[in-house]
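Commentary on secondary and tertiary structure
One letter stands for each residue in the lines below.
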Amino acid sequence: QVQLVESGGGLVQPGGSLRLSCAASVSRFVINAMGWYRQAPGKERELVATITSGGSTNYADSVKGRFTISRDNAKITVYLQMNSLKPEDTAVYYCNAQIFRDSRWSDYWGRGTQVTVSS
């Protein structure tokens, strides 16, 4: 069974930092891109950042220059370093991974971790 387990969310003041982690319980040889998405109350889920198995990254314009995505292929873990946090970054953050299983590529999701930016 594939599991993505997120950690690192919480309450932080504007301008503060948080680091999210997502560990995948699957062999590293079957994972392609990994990433983070977020969903704020009343809004659709949106892409935050993605990283391929080769290390190429992609960011939403709203987080460029503030967030950094990285991955440790040996630990099968993806990270999201979030700096200069703003109230509008408040959302549930979901980890995503493209995993090859049962002869096909599929998207898998974590359960989400709450990030609240407030004074």
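Residues numbered from 1 in each chain as written. Predicted model: local features only at pLDDT ≥ 70, side-chain atom pairs only at ≥ 80, totals over all residues. Heavy atoms only, no water.

1. Some words on the overall build of the chain
Filter applied, for reference: Think of it this way: any DSSP run of H or I at least four residues long counts as a helix, any run of E at least two long counts as a strand, and we number them from the N terminus. A simple rule labels every residue: compare its accessible area, found with a 1.4 Å probe on the protein chains alone, to the largest value its type can have, and call it buried under 20%, exposed over 50%, or partly exposed in between. We call two residues in contact when some of their heavy atoms are within 4.5 Å. Charge convention: Lys and Arg are scored as positive, Asp and Glu as negative, and His as well as the terminal groups of each chain are ignored. The atoms used to mark charge sites are NZ of Lys, CZ of Arg, CG of Asp and CD of Glu.
Regarding its fold elements, the chain presents 0 helices and 11 strands. When the helices and strands of the chain are listed from N to C terminus, the series reads β-β-β-β-β-β-β-β-β-β-β. If one aligns the C-alpha atoms of the chain with their principal axes, the spans along those axes are about 45 × 25 × 20 Å. Classification of the 119 residues of the chain by burial places 42% in the buried group. When contacts within the chain are restricted to residue pairs at least 6 apart in sequence, those whose partners lie at least 24 apart make up 53%. Averaged over its 13 positive side-chain charges, the chain has a centre that lies 5 Å from the centre of its 9 negative ones.

2. Let's talk about the state of the cysteines
The term disulfide refers to a covalent linkage connecting the sulfur atoms of a pair of cysteines. Which entries qualify depends on this criterion: Any cysteine sulfur atom paired with another within 2.5 Å is treated as part of a disulfide.
By the definition in use, this model includes 1 disulfide. Paired by a disulfide, cysteine 22 and cysteine 95 hold their sulfur atoms 2.1 Å apart. One disulfide, between cysteine 22 and cysteine 95, carries an S-S torsion of -80 degrees and so falls in the left-handed class. Pair noted here: cysteine 22 is in strand 3 (residues 18–24) and cysteine 95 is in strand 9 (residues 91–101), with a separation of 73 residues, a long-range link. For the pair cysteine 22 and cysteine 95, a shared accessibility class is recorded, and that class is buried.

3. Topic: the nonpolar core
Spelled out, the test is: Here, nonpolar core refers to any group of buried Ala, Val, Leu, Ile, Met, Phe, Trp, Tyr and Cys residues whose side-chain atoms link them within 4.5 Å.
Counting 33 residues, the largest nonpolar core has Trp36, Leu80, Met82 and Tyr93 as the members making the most contacts within it. Only strand 3, strand 4 (31–39), strand 5 (46–51), strand 7 (67–72), strand 8 (77–82), strand 9 and strand 11 (113–117) provide two or more residues apiece to this core. Top contributing element to this core by residue count: strand 9, with 5 residues.

4. Observations regarding the pattern of salt bridges
Filter applied, for reference: Here a salt bridge means any side-chain nitrogen of Lys or Arg lying within 4 Å of a carboxyl oxygen belonging to Asp or Glu.
For the coordinates displayed, the defined rule picks out 4 salt bridges. Notably, a salt bridge pairs glutamate 46 with arginine 38, separated by 2.7 Å at the nearest N-O pair. The exposure class of glutamate 46 is partly exposed, given its relative accessible area of 37%. Salt-bridge contacts for aspartate 89 lead to arginine 66; the nearest nitrogen and oxygen are separated by 2.8 Å. Highlighted residues: aspartate 89 in the loop between strand 8 and strand 9 and arginine 66 in the loop between strand 6 (57–59) and strand 7, separated in sequence by 23 residues. Judged by its relative accessible area of 1%, aspartate 89 falls in the buried class. With a relative accessible area of 11%, arginine 66 lands in the buried category. Salt bridges sharing partners connect three or more residues here, namely Arg38, Glu46, Arg66 and Asp89.

5. Considerations on the environment of serine 103
Here serine 103 lies in the loop between strand 9 and strand 10 (104–109). Look at serine 103 and you get exposed, because its relative accessible area is 68%. Between the C-alpha atom of serine 103 and that of serine 25, which follows or precedes it by 78 residues, the distance is 18 Å.

6. Observations regarding the side chain of asparagine 96
Our working definition: As used in this structure description, the phrase polar contact means that two N or O atoms lie within 3.5 Å; if the pair is within protein, one of them must be able to donate a hydrogen and the other to accept it, and residues adjacent in sequence are counted only when both atoms belong to side chains.
For asparagine 96, the position within the fold is in strand 9. Here asparagine 96 falls in the buried class, since its relative accessible area comes to 5%. In this structure the side chain of asparagine 96 is engaged in a polar contact, spanning 3.5 Å, whose partner is the side chain of aspartate 107.

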